[in-house]
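# A closer look at the structure
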Amino acid sequence: MNIQLRKAKIEDAPALAELMNLAGEGIPAYLWGQMADPDEDIMAFGARRVARTEGGFSYTNAYVATAGDAIAGMLLAYPLPDPYETGLLDDIPAVVRPLVELESRVPGAWYVNAVATASVYRGKGIGHHLMKFAEQLADEANTRSVTLIVAEENIPAVKLYRKLGYNVVERRGIVDYPGCSHTGDWILMQKQL
């Protein structure tokens with residue numbers, strides 16, 4: 001299979017929203033549902049959010065893996081601020097607080113906010129390819145490490161990250177939300193470059 005990587009485009013926003021929600025364990029759709037109008041399609045709302053140029057969940061921070069004309073996977077990655085100011089944690093939705101706390105532990109790191117492969121393309125090495133690309137981007141940006149957060153119960157993902165040289169740095173408990181498929185902890189993993 002011939003997989004190509006490219007910078008995401010605004011017209012990729014619907015596919016990116018679906019993959020970001022997949023990588024985000026349903027948290028994006030949960031949060032978008034709280035912001036959308038009651039009769040609005042949540043994923044259409046999410047696609048509009050992804051189509052913006054500001055914020056971490058912007059297509060401007062994303063890369064896509066394509067197989068022909070199809071988007072097979074995506075990477076959402078960028079450097080974390082240094083210093084990392086969390087602001088008032090009480091102002092952040094409870095479901096996101098543990099993630100923000102973990103992000104704040106690695107200021108200045110290259111952060112893989114989301115990496116996902118479309119279901120029909122799983123098991124073909126696309127996730128591995130995207131993670132290696134994230135490390136290349138981090139190196140080009142002169143950052144000293146790459147970090148990510150994953151649910152400890154997401155065994156296939158944790159296994160891949162360990163195989164690539166990522167180690168657990170810290171953990172925080174998962175706050176339950178509608179559609180939450182995991183219990184246990186979020187784990188912050190890091191690889192020194």
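Please refer to the structure placed before this passage.
Here, residues in each chain are numbered from 1, in the same order as that chain's written sequence. Reporting in this predicted model follows two pLDDT cut-offs: at least 70 for local features of residues, and 80 or more for side-chain atom pairs to be given and counted; totals over whole chains, interfaces and linings ignore these cut-offs and use all residues. Calculation of side-chain values draws on the structure's entire complement of heavy atoms; hydrogens and water are dropped beforehand.

Each helix is a run of H or I in the DSSP string that is no shorter than four residues. Each strand is a run of E no shorter than two, and both are numbered from the N terminus. Take Gly55: it is sitting in the loop between α3 (42-50) and β2 (62-67). Taking the C-alpha atoms as reference, Gly55 lies 17 Å from Ala109; in sequence the two are 54 residues apart.

Before going further, it helps to examine the side chain of Thr147. Inspection of the secondary structure puts Thr147 in strand β5 (residues 145-151). The contact criterion used throughout is that any non-hydrogen atoms of two residues lie within 4.5 Å. For Thr147, the residues in contact, after removing those within four places along its chain, are Leu80, Val106, Ala109, Trp110, Tyr111, Val112, Leu188, Met189 and Gln190.

A few words now on the pairing of β2. In terms of burial, β2 is largely enclosed, as six of its six residues are buried. Every second residue of β2 is oriented toward a common face, with Ala62, Val64 and Thr66 on one face and Tyr63, Ala65 and Ala67 on the other, all of them buried. By the bridge criterion, five bridges tie strand β1 (residues 3-7) to β2 in an arrangement that is antiparallel. Directly across from Gln4, in β2, lies its bridge partner Thr66. Note that β2 and strand β3 (residues 70-79) share six bridges and pair antiparallel. Its bridge partner lying in β3, Ala65 is registered against Gly73. For two strands to be treated as a pair, DSSP must find at least two bridges joining them. Here β2 folds back onto β3 in antiparallel fashion, the turn holding two residues, of which Gly68 has a positive phi close to 65 degrees. Each residue gets one of three labels from its accessible area relative to the maximum for its type: buried under 20%, exposed over 50%, partly exposed in between, using a 1.4 Å probe on protein chains only.

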